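Architecture and fold: a report
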Amino acid sequence: MKKLLALSFLSITLLLTACSDDDDDISDYDRVVTQHSENYWNTENPTTYYLVDNIRWIEDQDGNGNSNPAITRDYDDAILSSIDLNMGELGYTKVNTIDENNLPDLIITAQALATTYADIDIIWDGWYDWWGYYDPYYPGWYPVYYEWTEGTIFIEMGNANTLDEEEQQIDIVWGAGINGLVRGSQSGNIQFINDQIDEAFDQSDDYLEIN
């Protein structure tokens, strides 16, 4: 099957926020946004889905985008497993292959991006060592360097009946954007992935859940 090009109705602007205060809780920078096609979910009753079994890493036209390649594929399985778990809990049946004569109702894809940033803040502490003009002389301003990595996951459900493989297009009927600071441990990142994907589906269970 050719790679899908999702012509999404989504216009999600994620809050890519830097942690500039040591007192901030890392969870303050996590964001989950979902959008959906009301017309589709009000008129259709999907029960089956196919999950594309690889994560597409987002790049720009020059092939750039993931500036932290060390974690590129570390969490793909966690993302896919969490999607499957949530779809199963909502009552959907997964199909493992796409038969053009017997399409599933939904085709799900996931995309990801990890970007590392760096910044320098100039901090004023209101004090400097001037008494007697001893060396060394410390001004009241000092620079603080910090670095952080943000991970973003996009999950989209397409209406399989609109799939055009030749044009690589499909109508998107549900999408989620997940953003947060990358944790310091693999277990922390996997827990973050599970929690935030759960949150995305929880936000949408009133129309996604099969009755």
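The paragraphs below set out a description of the structure included in this document. Remember, it's a predicted structure, so these values are computed and weren't measured experimentally.

1. Some words on the overall build of the chain
A tally of regular secondary structure across the chain gives 3 helices and 8 strands. Counting from the amino terminus, helix and strand elements in the chain follow one another as β-β-α-β-β-α-β-β-β-β-α. The buried share among the 211 residues of the chain stands at 38%. Taking contacts inside the chain between residues at least 6 apart in sequence as the whole, the part at least 24 apart equals 76%. In the structure as shown, the chain presents an accessible area of about 12,600 Å², 45% of it carried by carbon and sulfur atoms.

2. Considering the pairing of strand β8 (residues 169–181)
For β8, a buried count of 11 out of 13 residues is recorded, marking the element as mostly surrounded by other parts of the structure. Of the pairings in the sheet, the one linking strand β2 (residues 31–36) to β8 comprises 6 bridges and is antiparallel in character. Residue pairing in the sheet places R31 in a bridge with N179 of β8.

3. With respect to the nonpolar core
By size, the foremost hydrophobic cluster in this structure holds 34 residues, and its most contacted members are W41, I83, M157 and W174. By residue number, the principal contributor to this core is helix α3 (residues 186–208), which donates 7 residues. For I83, the contacting residues outside a window of four places in its chain are L51, I108, A110, I155, I197 and F201. With 7 residues, the next largest nonpolar core counts Y50, V52, A160 and L163 among its residues.

4. So, the pairing of strand β3 (residues 48–51)
Residue alternation in β3 divides its side chains into two sets, T48 and Y50 and Y49 and L51, and both sets are buried. Here β3 pairs with strand β5 (residues 93–94) via 2 bridges, running parallel. Within the sheet, the bridge partner assigned to T48 lies in β5 and is T93.

5. As for the packing of aromatic side chains
Applying the stated rule across the entire model yields 3 aromatic pairs. Between W41 and Y207, the ring centres sit 5.8 Å apart and the planes meet at 50°, which makes this aromatic pair tilted. Of this pair, W41 sits in helix α1 (residues 38–43) while Y207 sits in helix α3, placing them 166 residues apart in sequence. Residues W41 and Y207 agree in their burial class; the two are buried. Put simply, the rings of Y40, W41 and Y207 touch in pairs and so form one group of aromatic residues.

6. Description of the environment of S81
Considering the arrangement of structural elements, one finds S81 in helix α2 (residues 76–89). With 28 residues separating them along the chain, S81 and D53 place their C-alpha atoms 10.0 Å apart.

7. Here we look at the environment of E156
Locating E156 in the fold gives a position in strand β7 (residues 141–159). Once the C-alpha coordinates of E156 and I172 are considered, the two residues, 16 residues apart in sequence, prove to be 6.5 Å apart.

Basis of the calculations
- Residues numbered from 1 in each chain as written.
- Predicted model: local features only at pLDDT ≥ 70, side-chain atom pairs only at ≥ 80, totals over all residues.
- Heavy atoms only, no water.
- Helix = DSSP H or I, 4+ residues; strand = E, 2+ residues; numbered from the N terminus.
- Buried < 20%, exposed > 50% of the residue type's maximum accessible area, 1.4 Å probe, protein only.
- Contact = heavy atoms within 4.5 Å.
- Areas by Shrake-Rupley, 256 points an atom, 1.4 Å probe, with all protein chains shown as cover.
- Pairing = 2+ DSSP bridges.
- Core = buried A, V, L, I, M, F, W, Y, C linked by side-chain atoms within 4.5 Å.
- Phe/Tyr/Trp six-rings, centres within 6.5 Å; stacked < 30°, edge-to-face > 60°.

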